[in-house]
Structures are given as C-alpha cells and as structure tokens.
Amino acid sequence: MNAKDRVAAARAQDRPTAGKYIKGIFDEFTELHGDRCFGDDPAIVGGIARLGQSYVTVIAQEKGTTTRERAIRNFGSAHPEGYRKALRLMKQAEKFGRPVVTFVDTSGAFCGIGAEERGQGQAIASNLMEMMVLKVPVLAIFIGEGGSGGALGIAVADQVWMLENAFYSVISPEGCASILWKDPARAPEAAECLKLTAGDLMDLSVAERIIPESEGGFQKTFDFLKEEIGAFIAEKQQMPVDELLRERYHKFRKIQ
Amino acid sequence: MIKGLFKKPKNDLEPSVSGRIEKPAEVNIPHELCTVCPGCKKSVFSSDLQENDYVCPNCGKHLRLNARQRIHMIADPESFQELWADMAGSDPLGFPEYEEKLRAAELASREMESVVTGTARIGKKPTALFVMEPAFMMGSMGTVTGEKIARLFEYAAEKELPVVGFTASGGARMQEGMLSLMQMAKTSGAVKRFSDRGGFYLAVLTDPTTGGVTASFAMEADVIAAEPDALICFAGPRVIEQTIRQKLPPGLGRAESLLKNGFIDKIVPRSEQKKFIARMLRAHRRIRKEA
C-alpha cells in the first residue's frame, strides 16, 4: 500500500478506536477523570487497568464511534486540559510504580480559542519534559492518526509501536500540500514526501515496531498486543530506572 | 447609501466593504533611507529605526530582528563566542525543492541554520545564548536547529552556565518530516535534564513564536519574557479561523493576552531587555544538584 492509502485506512470511519483496544487488551479498566485545574477532556481517556497480574495506567486519544460520540469527544482532538489530565495520571502512575501505556489516535491537538487561551503549547511542552523523565516504563502505540505535536504530547516513550496502517506526521498531507503548493488536492503526493508510514518511521528510528493488523474486528491484533505489552513491561521493569531514562533520552537525542 | 447600511457580510470572517484596510500610500523614497513600519504604516527614517533598536519611534512596534542584530544588542561588546557555527541544514528525506529553499534561506539570512548558538556575557554575567533567525525559513525548526539547541543545554549543564534564549519560529519544519517533530522531544529532554541539575533558563519570546517551538522549549523556561505585541501561539490565528469559522477575539495569541492568561512572566520592551536579563542572571545563583 502506498502512503495515501495508509492515510485513508488510518482515518477510516470503521477502524477500531482506542476504546476497543482498551477493552480487547486489558481487564478491569477504571476510567479516571479531570485535570484538577479546569475540566475533563473527553478527547483523552485515562485510567487504571489490569494486564495479567499487574496494573498499568492507560492513556488514550478517543475519536468516538458514533456521530454523537465523535462530537462529544471532539474527534479525538484534545484541549490543554486533556494533556494536563494525561500528565496528572502519568505522575500518579509514577508514584505507584505503574507502567504507562498510551494509545495515540488524533488528527492533532485542537486549534481553537479556548485551547490557545488555556495554553495548548504550554500543556504539550510540559508533557514532553515530564514524560522524558517519568520513572516508569512508557509505551506509545499508534493505532490510527498520529497528528504532529498533538500526538507527541502523549508519545514521549521508551518505545513507539505502530499499527501497520497507522501514520505519524509533522503535518497533515492536506496541510502540507496547501502550504507548499497552494493545492490541497496534491495531498497524496505530500503523503509520500512526508515519510509518515510505519515502515518509513522504522527506517528513520522514530518507531521501534510494526504491529500487524488482523481482518475482522482486530481480535487477533488485540491478543497479540496483550502478549507483547506484557513482555515489554516485564523486560523494562527489570531495568534500573536511571538506565531506562538514559535510553529514553538517547532514543530522541540521537535523531538528527 | 442607506442600502449600504443594511448590507450584511456573508460571515464574520468576511470584512464589510467599509471595514477593509486601505493599502498604505506608496511613498517614493529610496528604501535604504526609509522603512514603512508594519505597525502604523508610516515611513520612518532607517537611521532612526536603527538607533532605536528597530522599534518604531511612532507606534512602538517591535520590528523583526536578525539573530546577529540581537546578539549585538544584548551581549556585552566582543563577548559572544559562537558554537557549532558550521552546522548547516541538510535534506534528510530528499523532500522536493527543499535543497533550493535551504540555499535561498542561507542567502537571505547569511546564516547556516535557523538558530545561532554560543556563549556571551550579559551585564558581565557569563551565559549560554541561543537566538533564532526569522530570516531563515521563518525560524522553522529543522534537525540541525534542534541539535544545536540540545547541544547548548547540554554544554551549559556541563559548564554550569545559565541559558538565555530568544525564540522566533513558525514551528517544526515540514520538509524534514517526523525528524523535525522529534526535535521537540529532544530539546524538551535537554531542557529538563539541564533544569533538574539546577540550571537557570530565561526565554524571551519574540514575534512570531508558534507551533512546535511554543509547544517545546519556548514554554519551558524558568522565566519567560516576551516582546510587546509578539505573536505567541500553538496554532496561528488563520488556522484557528479556518478550523472554527468564527471571528477571533482581538489580541488572541499576542504577548499581552498570554500575560493576562498567565503563560508568560513579563513583557519587556527591547530597550529594557539587556538590563532585565542581567538582573535575572544576577538573581539566579546556581544550586548544584546531582544529575
């Protein structure tokens, strides 16, 4: 598949959203709400879940599945309070030694008046700094769209895994085409140039793993992820914290 | 005329005919002598502007400055020592027309990348210093930009220097794709590690500071100052208008509204910046912490 087709697959209306992954992979998910400063952002879901014998903190961008739910969840485009809720739950996870698993699926952080007034840039910046030194294992799984800074805001992780048809891009192909060539119709060409597919990002050392997608409801994918997340956590929890953090910094530091 | 009173613009974004801003009258003076202020649209003698640190004597508008002009204005005379001066932008993805754009940016700015890094003394206090260059692809952050900034914070941590940084950026540079986005995480990690070792970081946000730079090292300083009226935002006003199809409140994304909303510490006009930075450097004695 070429880049344009993968972008379309990642955005497909019938593609499973984060809620399906949480249900399919974890047990006893308990959602926790609110950033303790301003409000609760339904575009980002967070909480505690059980994976085998241990508990993890799960943070996910949720686009919603019905028209009504999509509107409530703002199509997975978070406001600053969403990023602040995510950070609150990550700090909570650190305090209690729970690993963090995030599911990324957003066209980007929301561009709006309230988002600017409440410091969208500051909220994301703060997450980037704090996630880099979070003293528990962090895994980011890209399940659909990875829209720029809005995706990165919950994706500074020890490893980035990408579903086969997920993408991760500095700008949407449409945005890129209209800025560079004043022609949004050239988005397919921009999608190729931006090197945004899972395979491209493996080559660029941005992603560590590609997760195969199974036909018919993704059940096989969820089963596979359950195993692999468990193995990832077991391995990373063996590591001394300073080594874990050194490796995390190095993963990003080496990209030049 | 009465008919005109009832003519409604189609939406809030479309200006009514009477509300349209008139183009400033063409003034036939050689442009080396005169500059038209982008704020008040009046002609100003270039020599007056230069003497006034490129602040319009009529309206106080802070014009954009090149990195070297800023360094000259802020650093003690002869004190600036550049670091990593020969690092030039490259084209890691083989993006169409990018090589040409890089060469054009080099010519336009006479810099190799969108940031100048080094050490200097400001009011006799030694400091690490970075200044972004708006004339180089609008200060957009490529991999080399991120690399120089990360290196500067690592260098400052090792040498126990504070960091003073002037931001001016259109955000991540799309021609370098995800490698450019990753610079946000990389620089944030470098700032955090510097900060956790007790380092003091002062940022001065200048027009425009947007996108991936706002969402990383611009907003991560211990003290954040801004120039008057500077555009400081995550998404620019035009992007927001296109997204929500509403007219924006006046001043959204300007330094004054960020001050009001609690996201910056102080607005410091250009004429007072050197004094302000020197005072902040004196006030922050380093407390050494374990890495």
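Calculation rules
Residues numbered from 1 in each chain as written. Chains lettered and ligands numbered in written order. Predicted model: local features only at pLDDT ≥ 70, side-chain atom pairs only at ≥ 80, totals over all residues. Helix = DSSP H or I, 4+ residues; strand = E, 2+ residues; numbered from the N terminus. Contact = placed C-beta atoms within 7 Å. Rg over C-alpha atoms; globule rule 2.2 N^0.38 Å. Buried ≥ 20, exposed ≤ 12 C-beta atoms within 10 Å, placed from the backbone. Domains from an automatic or database assignment. Pairing = 2+ DSSP bridges. pLDDT = per-residue confidence, 0-100. Axes fitted to C-alpha atoms, helices over the stretch in contact; angles between N-to-C directions. Parallel < 35°, antiparallel > 145°, perpendicular 65-115°, else oblique. Nonpolar A, V, L, I, M, F, W, Y, C, P; charged D, E, K, R; others polar. Expected span 1.5 Å × (residues − 1). Arc of directions from axis to C-beta. Core = buried A, V, L, I, M, F, W, Y, C linked by C-beta atoms within 7 Å.

## What about the overall build of chain B?
- Scanning chain B from terminus to terminus reveals 10 helices and nine strands.
- Here the contacts in chain B between residues at least 6 apart in sequence split such that 67% fall between residues at least 24 apart.

## Examining the overall build of chain A
- What chain A contains, in helices and strands, is 12 helices and eight strands.
- In terms of overall size, chain A behaves like a compact globule, its C-alpha atoms giving a radius of gyration of 17 Å where 256 residues would be expected to give roughly 18 Å.
- Here the C-alpha coordinates of chain A stretch approximately 50 × 40 × 40 Å along the principal axes.
- By residue count, 54% of the 256 residues in chain A fall in the buried class.
- Within chain A, contacts between residues at least 6 apart in sequence are counted, and of these 71% link residues at least 24 apart.

## As for the interface of chain A and chain B
- Taken together, the contact between chain A and chain B spans 37 residues of the former and 41 residues of the latter.
- When residues of the side of chain A that touches chain B are traced back to their parent elements, those giving at least two are α5 (113–117), α6 (120–132), α7 (148–152), β7 (167–169) and α12 (241–253) of chain A.

## Comments concerning the domain arrangement of chain B
Residue and element names in this part refer to chain B.
- Taken domain by domain, chain B consists of domain 1 (29–63) and domain 2 (64–283).
- Computed over C-alpha atoms, the centres of domain 1 and domain 2 are 24 Å apart.
- Contacts between domain 1 and domain 2 engage seven residues on the former and nine residues on the latter.

## Quick notes on the sheet that holds strand β5 (residues 125–132) of chain B
Residues and elements named next belong to chain B.
- Reading across from one edge, β3-β4-β5-β6-β7-β8-β9 is the order of the seven strands in this open sheet, with mixed pairing throughout. The two strands at the open ends of the sheet, each matched to only one other strand, are β3 (81–83) and β9 (266–267).
- Pairing analysis gives four bridges linking strand β7 (residues 201–209) to strand β8 (residues 223–226), with the strands arranged parallel. Residue Leu 205 lies in a different strand from β8, and its bridge partner there is Ala 226.

## Quick word on the confidence of the model for chain B
- In this model, chain B carries an average pLDDT of 90, and 88% of its residues clear a pLDDT of 70 or more.
- As scored by the predictor, the complex reaches a pTM of 0.93 and an ipTM of 0.97.

## Overview of the pairing of strand β5 (residues 138–147) of chain A
Residue and element names in this part refer to chain A.
- Along β5, 10 of the 10 residues are buried, which leaves the element largely enclosed by surrounding structure.
- Of the pairings in the sheet, the one linking strand β4 (residues 100–106) to β5 comprises six bridges and is parallel in character. Paired with Val 101 across the bridge in β5 is Leu 139.
- The sheet contact formed by β5 and strand β6 (residues 159–163) spans four bridges and is parallel. Bridge assignment links Phe 142 to a residue of β6, and that residue is Met 162.

## A short note on the packing of helix α5 (residues 143–159) of chain B against helix α6 (residues 177–196) of chain B
Residues and elements named next belong to chain B.
- Viewed as axis vectors pointing N to C, α5 and α6 meet at an angle of 10°, and their least axial separation amounts to 9 Å. When the interaxial angle is binned, α5 and α6 end up roughly parallel. Across the interface between the two elements, Thr 143, Thr 145, Gly 146, Ile 149, Ala 150, Phe 153, Glu 154, Ala 156 and Ala 157 of α5 pack against Leu 179, Ser 180, Gln 183, Lys 186, Thr 187, Ala 190, Val 191, Arg 193 and Phe 194 of α6.
- Grouping the amino acids of the contact of α5 with α6 by side-chain chemistry returns nine nonpolar, six polar and three charged.

## Comments concerning helix α11 (residues 219–237) of chain A
Residues and elements named next belong to chain A.
- Over its 19 residues, α11 extends 27 Å from the first C-alpha to the last, a length consistent with the 27 Å expected when each residue adds 1.5 Å.
- Those residues of α11 lying buried are Thr 221, Leu 225, Ile 229, Phe 232 and Ile 233. Along the axis of α11, the buried residues cluster in a sector spanning 95°; they form a single face. Exposed side chains of α11 directed beyond 90 degrees from the buried face belong to Glu 227, Ala 231 and Glu 235.

## Focus on the nonpolar core
- Counting 149 residues, the largest nonpolar core has A:Leu128, A:Ala140, A:Phe142, A:Met162, A:Tyr168 and B:Phe153 as its most contacted members.
- With nine residues, α6(B) is the single largest residue contributor to this core.
- Residues contacting B:Phe153, with those up to four places away along its chain left out, are B:Val163, B:Ala190, B:Val191 and B:Phe194.
- Judged by nonpolar contacts, the second largest core, of five residues, contains B:Val44, B:Tyr54, B:Cys56 and B:Leu65.

## Quick notes on the environment of B:Ala235
- Looking at where B:Ala235 falls in the secondary structure, it is placed in the loop between β8 and α8 (237–244).
- Expressed as a C-alpha distance, the spacing of B:Ala235 and B:Pro77, which sit 158 residues apart in the sequence, is 37 Å.
- Aside from chain neighbours lying at most four places away, what touches B:Ala235 is A:Cys111, A:Glu116 and B:Ile240.

## Notes on the pairing of β6(A)
Residues and elements named next belong to chain A.
- Counting buried positions along β6 yields four of five residues, so the element is predominantly enclosed.
- In the sheet, β6 pairs with strand β8 (residues 209–211) via three bridges, with the strands oriented parallel. Bridging across to β8, Met 162 finds its partner in Ile 210.

## Some words on helix α2 (residues 18–25) of chain A
Residue and element names in this part refer to chain A.
- By the burial criterion, the buried members of α2 are Ala 18, Tyr 21, Ile 22 and Ile 25. Looking straight down α2, one finds that the buried residues subtend no more than 100° of arc, so they occupy a single side.
- Each element contacted by the buried residues of α2 is listed here: β1 (27–31), β2 (44–51), β3 (54–61), β4, β5 and α11.

## As for the environment of B:Arg279
- Tracing the chain through its elements places B:Arg279 in helix α10 (residues 270–283).
- Note: C-alpha distance between B:Arg279 and B:Ala230 (49 residues apart in sequence) is 22 Å.

## Quick notes on unusual backbone geometry
Residues and elements named next belong to chain B.
- With an omega of -10°, the peptide bond between Asp 207 and Pro 208 qualifies as cis.
- Within the secondary structure, Pro 208 is located in strand β7.
- Positive phi values are uncommon outside glycine, yet Tyr 54 reaches one of about 60°.
- In this fold, Tyr 54 is placed in the loop between α2 (46–51) and α3 (67–74).
- By the C-beta count within 10 Å, which is 20 here, Tyr 54 ends up buried.
- One non-glycine residue, Arg 245, lies in the positive phi region at around 50°.
- Counting through the fold element by element, Arg 245 comes out in the loop between α8 and α9 (255–261).
- Owing to 10 C-beta atoms within 10 Å, Arg 245 belongs among the exposed residues under this scheme.

## A closer look at the environment of A:Lys220
All names here are of chain A.
- Position of Lys 220 relative to the elements: it lies in helix α11.
- Under the C-beta neighbour-count criterion, Lys 220 is labelled partly exposed, with 13 such atoms within 10 Å.
- For the pair Lys 220 and Gly 24, spaced 196 residues apart in sequence, the C-alpha separation works out to 9.6 Å.

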